[in-house]
Amino acid sequence: MTKSVTLRRPDDWHLHLRDGAMLQAVASFSGHFGRAIIMPNLVPPVVTGAQAAAYRDRIRAALAPEMTLRPLMTLYLTETSDPADVLAAHAQGIISAVKLYPAGATTNSASGVRDFDKVRGVLEAMAQAGIPLCVHGEVTDPAVDIFDREAVFIDRVLDPIRRATPGLRVVMEHVTTSDGVDYVAANEDIGATITTHHLVINRNHILAGGIRPHYYCLPVAKRETHRLALRRAATSGDARFFLGTDSAPHPDRAKESACGCAGCFTAPNTMSILAQVFEEEDALDRLEGFASLHGAGFYGMAPNQDRIRLVKRDTPAAYPTHIPAGDETVTVFDPGFPLYWHLEDPA
Ligand SMILES: NC(=O)N[C@@H](CC(=O)O)C(=O)O
Ligand SMILES: [Zn+2]
Ligand SMILES: [Zn+2]
């Protein structure tokens, strides 16, 4: 008997679409989502409401008319961000959230925050207005081991910010550790996105038997116990955990380098991989919550009205291993197993 699962159309609560030729190349691969929170770490970053509106329009123009994706924009928080501009952009419906990058923590984060006291005014205004703060949760202290940077961030930065700013709604983006999962599960006014790739790979995939740049992302994948904790959280039914693919395309040239950059491009095969993961966890009935309901609930939005169907067939689903992007190529995330779950859209 053919296995299948029908879901409300899923949303992606953490997505990088880039700009220019890369935007043109990758946008359609996320076209089947209902909505996506678009990350603002362009060069230069999306800092003002006007920049966010212009970027939103470039994204809309890159999507074919039949695509369902609606971009939900974010502002990149800097130490000089103007609370009035943030509030106005939200009041005008241009932005859905603000993104906090600790300076130097990840791709294009140089304009991020060094001194968290400097953004206190913006965070207080956001708490008042109910604007969520999306956080890249890693410290940048070179003395802290890269595998510990998420756990240390919770103690040194995230928890103090939340205590100092009651009512601030925080999304711990791309949570990668059991420490992160436990912190979210124990608190209110907080949610967490979990990526597709962190449900599949642990740190061995990056380093054992040769260095594999296409599995390198930030936060870096941790040891197996953490991957298992993420799987439990994603399949738990707890509404604080929801899908944010963090699909983050880079040209192969930039990843296959002596100093390769961080990011996995998972947009093309995310739904097939997630169906496989949830089937392995005997939790296919919870995929809809994770991918289609919990995130919308956190952001105070209704679920999408229409549905998609995932069908398990005898033959693997076809997806490209690489895609062209201008003069470059981008490698699609390889989960390391064949994908028998096919996306049927509409259901
Ligand atoms: N996740 C990544 O490894 N990279 C992201 C940035 C980010 O989300 O931290 C990117 O923009 O390439
Ligand atoms: Zn990040
Ligand atoms: Zn990201």
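Counting restarts for each chain, with residues numbered from 1 along the sequence as it is written. Lettering for chains starts from A, numbering for ligands starts from 1, and both go in the order in which the items are written. It should be noted that, the model being predicted, local features are given only for residues of pLDDT at least 70 and side-chain atom pairs only at 80 or more, the latter also being counted only at that level, while totals for whole chains, interfaces and linings use all residues. Only heavy atoms go into the side-chain values, all of them from the structure, while hydrogens and water stay out.

The protein chain has the name Dihydroorotase in an unreviewed UniProt entry, where Paracoccus pantotrophus is given as its organism. Turning to the protein chain, the UniProt record has this under Function (unreviewed entry): "Catalyzes the reversible cyclization of carbamoyl aspartate to dihydroorotate." Per UniProt, the protein chain has the following entry under Subunit (unreviewed entry): "Homodimer." UniProt positions are given in the numbering used here, feature names are shortened, and annotations may be inferred rather than shown by experiment.

Chemist: Whenever I open this one, the layout of surface pockets confuses me. Can you help?
Modeler: Leftover empty space is mapped by rolling, across the atoms, a probe with the size of a water molecule. Considered as a void within the structure, the largest pocket measures approximately 290 Å³ in volume. If you trace the largest pocket, you find 16 residues lining it, with His-32, Pro-268, Asn-269, Ala-318 and Leu-343 closest to the centre. Every helix listed is a DSSP run of H or I at least four residues long, and every strand listed is a run of E at least two residues long, numbered separately from the N terminus. Broken down by secondary-structure element, the contributors of at least two residues to the lining of the largest pocket are α10 (270-280) and β13 (341-344). When residues are grouped by polarity, Ala, Val, Leu, Ile, Met, Phe, Trp, Tyr, Cys and Pro land in nonpolar, Asp, Glu, Lys and Arg in charged, and all others, Gly among them, in polar. Here the lining of the largest pocket is composed, by residue class, of 10 nonpolar, 6 polar and no charged. The space that makes up the second largest pocket amounts to roughly 240 Å³. As defined here, a cavity is a set of points on a 1 Å grid over the protein atoms alone where a 1.4 Å probe fits but cannot get out. A pocket is an open set with protein on both sides within 12 Å along at least five of seven lines, and residues line them when an atom is within 4 Å of a point. Grid points are joined across faces, edges and corners, and a volume is the space filled by probe spheres set on the points.

Chemist: Could you clarify how one ought to interpret the coordination of the zinc ion (ligand 2) in this entry?
Modeler: Under perfect tetrahedral coordination by four donors, a metal shows angles of 109.5 degrees; under perfect octahedral coordination by six donors, it shows angles of 90 or 180 degrees. Metal coordination here is assigned from N, O and S atoms located within 2.8 Å of the ion, or within 3.2 Å for Na, K and Ca; omission of water means that sites may look incomplete. Distances from the zinc ion (ligand 2) to its protein donors, His-136 (ND1) and His-174 (NE2), fall within 2.0 to 2.1 Å. Each label reflects the angles at the metal, where four donors whose angles all fall between 85 and 135 degrees are tetrahedral, four or six donors whose opposite pairs open beyond 155 degrees and whose other angles stay between 65 and 115 are square planar or octahedral respectively, and the rest are irregular. Coordination at the zinc ion (ligand 2) is irregular, judged from the 4 donor atoms that bind it and the angles of 53 to 149° they form at the metal. Between the two metals, the zinc ion (ligand 2) and the zinc ion (ligand 3), the spacing is 4.0 Å. Residue His-136 is located in the loop between β6 (133-135) and α5 (149-164), and its partner His-174 is located in the loop between β7 (170-172) and α6 (178-185); the two are separated by 38 residues in the primary sequence. Relative accessible area serves as the criterion here: at 1%, His-136 is assigned to the buried category. Working definition: with a 1.4 Å probe on protein chains only, accessible area under 20% of the residue-type maximum means buried, over 50% means exposed, and in between means partly exposed.

Chemist: Which parts of the structure should I look at to understand the packing of helix α3 (residues 83-91) against helix α4 (residues 120-129)?
Modeler: A pair of packed helices is characterised by two quantities: the angle between their axes and the separation of those axes. Fitted lines through C-alpha atoms serve as axes, helices being fitted only where they are in contact, and the angles separating the N-to-C directions of these axes extend from 0 to 180 degrees. Where α3 contacts α4, the two axes come as close as 9 Å, and the packing angle between them is 25°. With respect to α4, the element α3 is oriented roughly parallel. Like other packed secondary-structure pairs, α3 and α4 cross with a definite hand, here right-handed. Judged by residue contacts, Pro-83, Val-86, Leu-87 and His-90 of α3 engage Gly-121, Val-122, Ala-125, Met-126 and Ala-129 from α4. Taken together, the residues that form the contact of α3 with α4 break down as 7 nonpolar, 2 polar and no charged. Oblique is the label for any angle not under 35 degrees, not over 145, and not in the 65 to 115 range, which are roughly parallel, roughly antiparallel and roughly perpendicular in turn. Definitions for this section: a left-handed crossing has its near helix turned counterclockwise from the far helix by less than a right angle. A right-handed crossing has that turn clockwise. Contact criterion: two residues are considered in contact whenever any of their non-hydrogen atoms come within 4.5 Å of each other.

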